[in-house]
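Structural features, examined
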Amino acid sequence: MPAHPHDRSAAERGSVMIELALALSVAFPLLLGVGAIGIRLGRTLQATELTRDVAHMYAWGADFSLAGTQAIASKLSQDFNLTGTGESLLLFSTVYVVQQTDCDAAGLHTCPNLNLPVFTQRVALGNTTLRASQFGTPPPNYVGSGGVIALADYCQQASLVATGFNAVLALAGGQYSTVVEGYFAMPDINLLGLPDSGGGYYVRFLF
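Structure report, in brief. (Residues numbered from 1 in each chain as written. Predicted model: local features only at pLDDT ≥ 70, side-chain atom pairs only at ≥ 80, totals over all residues. Heavy atoms only, no water.)

Side note on the sheet that holds strand E3 (residues 176–184)
Judged by pairing direction, the sheet is antiparallel, and its four strands sit side by side in the order E2-E1-E3-E4 without closing on themselves. On the outer flanks of this sheet lie strand E2 (117–126) and strand E4 (201–206), each paired with one strand and no other. Taking the axes of each pair of neighbouring strands and ignoring which way they run, one obtains an average angle of 15 degrees across the sheet. Summarising the sheet, strand E1 (residues 88–97) and E2 pair through nine bridges and their orientation is antiparallel. Across the sheet, Leu 90 pairs through a bridge with Leu 125, a residue of E2. (Pairing = 2+ DSSP bridges. Helix = DSSP H or I, 4+ residues; strand = E, 2+ residues; numbered from the N terminus. Axes fitted to C-alpha atoms, helices over the stretch in contact; angles between N-to-C directions.)

Printed below as a string of structure tokens:
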């Protein structure tokens, strides 16, 4: 005996609901993932622009050890909370290749860092616990006022050598480069625990 029309309609509605549930179980996470990627792309572009802007300022002589210049950096990075407990970090470094005249000026008979790239300045803004510099961290006891490192120290202290810098930019003796490294944690886009969706973003500029 054929099924009653009302019974067949109810069965069809049940099948449609099951199919819809299955489709949503795939489509909803996919939609969230696409949204997370879009948000992250926007934030990384914003972080890149911020780092590039302060890197240009630093290359042209802006002193980011001063409160006024730091306030400018904080204003530019207000979406990333550039504080000691915030979600971002900016590292300003000057890297210089030691030449013989530097060793002579320091009164050194032997010059361990001759022809090596060394840090002559380091200033950090933001949360320094987020990430270390790719090229190393000068020990605090060698970093003086304004982030400046003394000639006698950077000519001979191995801990002041910028590790791996030559692989990025080869400088001749007496040449220098300004380097700004930025790290942005971005925990606000960690959706559904997707792999690395809330991971940080690292960017650097050398001039």
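From this point, things continue past the structure.
Side note on the pairing of E1
A large share of E1 lies buried, amounting to 10 of its 10 residues. Here E1 shows two buried faces, one formed by Ser 88, Leu 90, Phe 92, Thr 94 and Tyr 96 and the other by Leu 89, Leu 91, Ser 93, Val 95 and Val 97. When E1 meets E3, the two strands line up antiparallel, connected through nine bridges. Its bridge partner lying in E3, Leu 91 is registered against Glu 181. (Buried < 20%, exposed > 50% of the residue type's maximum accessible area, 1.4 Å probe, protein only.)

Quick word on the state of the cysteines
On inspection of all chains with the given rule, the structure shows one disulfide. Covalently, Cys 103 is tied to Cys 111 through a disulfide, its sulfur atoms 1.8 Å apart. The S-S bond linking Cys 103 to Cys 111 shows a torsion near -65 degrees; that makes this disulfide left-handed. Among the cysteines around Cys 155, which has no disulfide bond, Cys 111 carries the closest sulfur, lying 4.5 Å off. (Disulfide = S-S within 2.5 Å.)

Some details on the packing of aromatic side chains
Enumeration over the complete set of coordinates arrives at six aromatic pairs. Both rings, one in Tyr 58 and one in Phe 92, keep their centres 5.3 Å apart while their planes meet at 70 degrees; by these two values the pair is edge-to-face. You can see Tyr 58 sitting in helix H1 (residues 5–59) and its partner Phe 92 sitting in strand E1, a full 34 residues away along the chain. The pair formed by Tyr 58 and Phe 92 is uniform in burial state, with each residue classed as buried. Between the aromatic rings of Phe 80 and Phe 184, the centroid separation amounts to 4.7 Å while the plane-to-plane angle is 55 degrees, which identifies the pairing as tilted. (Phe/Tyr/Trp six-rings, centres within 6.5 Å; stacked < 30°, edge-to-face > 60°.)

Concerning the environment of Gln 175
Tracing the backbone through its elements, the reader meets Gln 175 in the loop between helix H5 (165–168) and E3. Each C-alpha atom, one on Gln 175 and one on Gln 99, is 9.0 Å from the other, the two residues being 76 residues apart in sequence. Sequence-distant contacts of Gln 175, that is, excluding residues within four places in its chain, are made with Val 95, Tyr 96 and Val 97. (Contact = heavy atoms within 4.5 Å.)

Digging into unusual backbone geometry
One non-glycine residue with positive phi stands out, namely Asn 81, at about 55 degrees. Locating Asn 81 in the fold gives a position in the loop between helix H2 (67–76) and E1. Asn 81 gets classed as partly exposed once you look at its relative accessible area, which sits at 34%. For Asn 115, which is not glycine, the phi dihedral falls at a positive 70 degrees. Relative to the elements of secondary structure, Asn 115 occurs in the loop between helix H3 (100–105) and E2.

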